[in-house]
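# Fold and contact review
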Amino acid sequence: MDEYLDRPAHVISDALASGDLTATALMQATLDRIAARNPGLNAIVSLRDADALMADAAAADASPRRGWLHGMPLAVKDLANVAGLPTTMGSPALRDNVAKTSDIMVRRLQDAGAIVIGKTNTPEFGLGSHTFNPVFGATQNAIMAGRTAGGSSGGAAVALAAGMVAVADGSDMMGSLRNPAGWNGVYGMRPTWGRVPSEPLGEMMLHPLSTNGPMARHPRDLALLLDTMAGPDPRQPFGLDHVATAPGIDADLTDRRIGWLGDWGGAYAMDDGVLAHSAAQVARFADLGCVVEDAPAPFSAAALWESWTTLRSFAVAASLGPLYDQPAMRGALKDTAIWEIERGRALTGGQVQRASLIRSDWFRAAARLFDRYDALVLPTAQCWPFPIAWAWPREIAGHAMDSYHRWMEVVVPASLIGLPAAAVPLPLSHGRPMGLQLMGRSRDDVGVLQLAAGWHRINAA
């Protein structure tokens, strides 16, 4: 049974549908794999009782198929609610918080037949691209022992890479589906903002930044999971109509135009070797018939950073402010959360409006850019995975990083304006993992997934 755990999710699903594989056999193999590998990786947390999981698997075997995920084990990122499981968000302030209901994204996965086995580890409140927290500890990189897994979907990426789950959910504000995918040799997809709904809670109108999305070991699974998550929620504004991506994922990519943005005209500091390795790999899209060319920096990186950090602090202050206002809870918040809250509360209306205007200008500029290119490409990170004991890298290539997230500036262009962006893994460079972000025009999620599928074909051959 063990060999099934490293196969693509759609292959496992087909085996379950045909009767070649049972949900109980798959669950037992999954629990055995978790017992063998998770102690050294710390990717899955809040694992449910084994007897309860085996009972759920037996019930799946005895019932009609509910969808393509029927009988498949799934661990949910510990920022999302699963009824009956803890939602700690990696924070001591929420250590004992047990969800009463499941989020809409989780319910859609369960409605398709998935069996939730537990949660995947995340940084505290998802802040920072390094998965460590005081509740569960740090998650190890699946490829480089002793190095960060990235984040904030680091637990999800490592669980996938280690074959503990076949697909995983994640979320992405500032590269959280892309950075850990690139660093652990799997695929991640930040969908167009509005494709996958969040929860109809709190303020829903101003400056959306984050989105849920899929992770997988195969682009087809990425598309299938996105199609399961996606679709509007009538209780929320700005939702996009459901457009299935999986049926059209295999496409002729001849004459697709790829713009390689590199280090954004020198604006993004890069570790030695990151740029050269990434550029050499981007050129391989020509093997698929694509036209690959260098693209100059299309917008001021400083302006993007100003807009991003303003709107991010504004959003974090709104979401975490209620905890900060409780003296007993404030002491349990990490310093970067407090920094974001206090920075966000100090902003003026004029500063927030200026940030939104810059964001709008970048969306208009990007729309013109996509008249020429089908995709724009950047690395998924500016450095190789750093030692797990670090909170974040304090410098890259001699350039000081002036905040806990400056080293991930390379993900801001897609995040700021909600572009669809798939992370694809690169062949290792001297044993070091890296990925590429394939960014498409707003709402062209299927085009981005087609490029990811093409990339998989030339690397699996």
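In what follows, the structure referred to is the one given above.
In what follows, the accompanying structure is described. Here the structure is a predicted model, which is why all the values come from computation and not from measurement.

## Quick word on the packing of aromatic side chains
Applying the stated rule across the entire model yields 11 aromatic pairs. Where Trp 392 meets Tyr 404, the ring centres are 6.4 Å apart and the plane angle is 70 degrees; that geometry is what we call edge-to-face. Here the residue Trp 392 occupies a position in the loop between β11 (375–379) and β12 (395–396), and Tyr 404 occupies one in the loop between β13 (399–400) and α13 (412–417), the gap between them amounting to 12 residues. Pair check on accessibility: Trp 392 and Tyr 404 agree, each one buried. One aromatic cluster in this structure is built from Trp 183, Phe 386, Trp 390 and Trp 407. Between Arg 394 and the ring centre of Trp 392, over which it is positioned, the NZ or CZ distance is 3.7 Å. Directly above the ring of Trp 384 sits Arg 432, whose terminal nitrogen or CZ lies 4.0 Å from the centroid.

## Observations concerning the pairing of strand β7 (residues 187–190)
Across the two faces of β7 the burial is the same, with Tyr 187 and Met 189 and Gly 188 and Arg 190 all buried. One ladder, built from two bridges, connects β7 with strand β8 (residues 211–216); its direction is antiparallel. Across the sheet, Tyr 187 pairs through a bridge with Ala 216, a residue of β8. Pairing of β7 with strand β14 (residues 421–425), which is carried by three bridges, proceeds in the antiparallel orientation. Bridge pairing in β14 places Arg 190 opposite Ala 421.

## Let's talk about the nonpolar core
Leu 69, Met 215, Phe 285, Trp 407 and Leu 436 are the most contacted members of the largest nonpolar core, which has 142 residues in total. The greatest single-element share of this core, amounting to nine residues, is contributed by helix α9 (residues 301–324). When residues no more than four places from it in sequence are discounted, the contact partners of Leu 436 are Trp 260, Ser 278, Val 282, Phe 285, Val 377, Leu 378, Pro 379, Thr 380, Ala 422, Ala 423, Val 424 and Leu 426.

## Comments concerning empty space enclosed by the protein
Applying the stated criterion across every chain yields a total of one cavity of 30 Å³ or more. When grouped by side-chain class, the residues that make up the lining of the largest cavity number eight nonpolar, two polar and no charged.

## Observations regarding the layout of surface pockets
In this structure, the second largest pocket encloses a volume near 360 Å³. Mapped by element, the contributors of at least two residues to the lining of the second largest pocket are α12 (349–369) and α13. It is α12 that contributes the most residues to the lining of the second largest pocket, four residues altogether. Looking at the lining of the second largest pocket residue by residue, the class counts come to 10 nonpolar, seven polar and three charged.

## Overview of the pattern of salt bridges
Tallied over the full model, the rule gives 20 salt bridges. Arg 220 is the salt-bridge partner of Asp 250, the closest N and O atoms lying 2.5 Å from each other. Highlighted residues: Asp 250 in the loop between α7 (219–229) and β9 (257–260) and Arg 220 in helix α7, separated in sequence by 30 residues. By relative accessible area, Asp 250 is classed as exposed at 53%. The partner of Asp 361 in a salt bridge is Arg 364, with the nearest N and O atoms 2.7 Å apart. Of this pair, Asp 361 and Arg 364 both sit in helix α12, three residues apart, roughly one helical turn. Of the residues examined, Asp 361 reaches a relative accessible area of 31% and is grouped as partly exposed. Via salt bridges that share partners, Asp 2, Asp 6 and Arg 33 belong to a single interconnected network.

## A short note on helix α2 (residues 23–41)
Think of an α-helix as turning once every 3.6 residues; residues three or four places apart then point the same way. The end-to-end C-alpha separation of α2 is 25 Å, in line with the 27 Å expected for 19 residues at 1.5 Å each. Along its length, α2 shows its largest kink, about 35 degrees, at Ala 35, and proline Pro 39 lies within four residues downstream of that point. Listed as buried for α2 are Ala 23, Leu 26, Met 27, Ala 29, Thr 30, Leu 31, Arg 33, Ile 34, Asn 38 and Leu 41.

Conventions used here
- Residues numbered from 1 in each chain as written.
- Predicted model: local features only at pLDDT ≥ 70, side-chain atom pairs only at ≥ 80, totals over all residues.
- Heavy atoms only, no water.
- Phe/Tyr/Trp six-rings, centres within 6.5 Å; stacked < 30°, edge-to-face > 60°.
- Helix = DSSP H or I, 4+ residues; strand = E, 2+ residues; numbered from the N terminus.
- Buried < 20%, exposed > 50% of the residue type's maximum accessible area, 1.4 Å probe, protein only.
- Lys NZ or Arg CZ within 6 Å of the ring centre and 35° of its normal.
- Pairing = 2+ DSSP bridges.
- Core = buried A, V, L, I, M, F, W, Y, C linked by side-chain atoms within 4.5 Å.
- Contact = heavy atoms within 4.5 Å.
- 1 Å grid on protein atoms, 1.4 Å probe; cavity = no way out; pocket = protein on both sides within 12 Å on 5 of 7 lines; lining within 4 Å.
- Points joined across faces, edges and corners; volume = space filled by probe spheres on them.
- Nonpolar A, V, L, I, M, F, W, Y, C, P; charged D, E, K, R; others polar.
- Salt bridge = Lys/Arg side-chain N within 4 Å of Asp/Glu carboxyl O.
- Expected span 1.5 Å × (residues − 1).
- Bend = angle between axes of the 7 residues up to and from the residue.

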